[in-house]
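Secondary and tertiary structure notes
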Amino acid sequence: MNGAAVSVDLNNLAFREKSGFTIRSLQAGINVQETTATLNRLLLFTGNSRIQIDVHATFPSLKQIAQTYQHARFNADINKTSISLRDLLYFNPSFMDSL
């Protein structure tokens, strides 16, 4: 990336997957640079869950992250979040077997 940066502002992404999993609304600010990445003001509403989070990551080099991921550092602020078991089961249906 050599000094380049990528920024994205999602204002209202929504969809329904054929399994029934629904994202009613997704908003976030995303910024990626050579040694940092931020996810600002992520607010996600699914059919059953609400996630509000801010994440900041630092790493030696985006180009080399596959080789240096163990040196990456993350800071996350999770606010007003509730995750439904029903939503988790869309991604891991066998989860209930472990309970």
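Before reading further, recall that the structure is shown in the block above.
First, a word on scope: everything that follows refers to the structure included in this document. (Residues numbered from 1 in each chain as written. Predicted model: local features only at pLDDT ≥ 70, side-chain atom pairs only at ≥ 80, totals over all residues. Heavy atoms only, no water.)

Another aspect to go through is the sheet that holds strand E2 (residues 22-32). Pairing is antiparallel in the open sheet, where 5 strands are placed in the order E1-E2-E3-E4-E5. In the strand order of this sheet, the two ends are held by strand E1 (6-16) and strand E5 (73-82), each with one partner. Between one strand axis and the next, the sheet turns through 10 degrees on average, direction left out of account. Relative to E5, strand E4 (residues 50-58) is paired through 8 bridges, and the arrangement is antiparallel. Its bridge partner being in E5, Thr58 is matched across the sheet by Arg73. (Pairing = 2+ DSSP bridges. Helix = DSSP H or I, 4+ residues; strand = E, 2+ residues; numbered from the N terminus. Axes fitted to C-alpha atoms, helices over the stretch in contact; angles between N-to-C directions.)

So, about the pattern of salt bridges. In this structure the tally under the stated criterion is 1 salt bridge. A salt bridge links Asp9 to Arg41, with the nearest nitrogen and oxygen atoms 3.9 Å apart. Placement of the pair is Asp9 in strand E1 and Arg41 in strand E3 (residues 36-46), with a sequence separation of 32 residues. Judged on exposure class, the residue Asp9 and its partner Arg41 are both exposed. (Salt bridge = Lys/Arg side-chain N within 4 Å of Asp/Glu carboxyl O. Buried < 20%, exposed > 50% of the residue type's maximum accessible area, 1.4 Å probe, protein only.)

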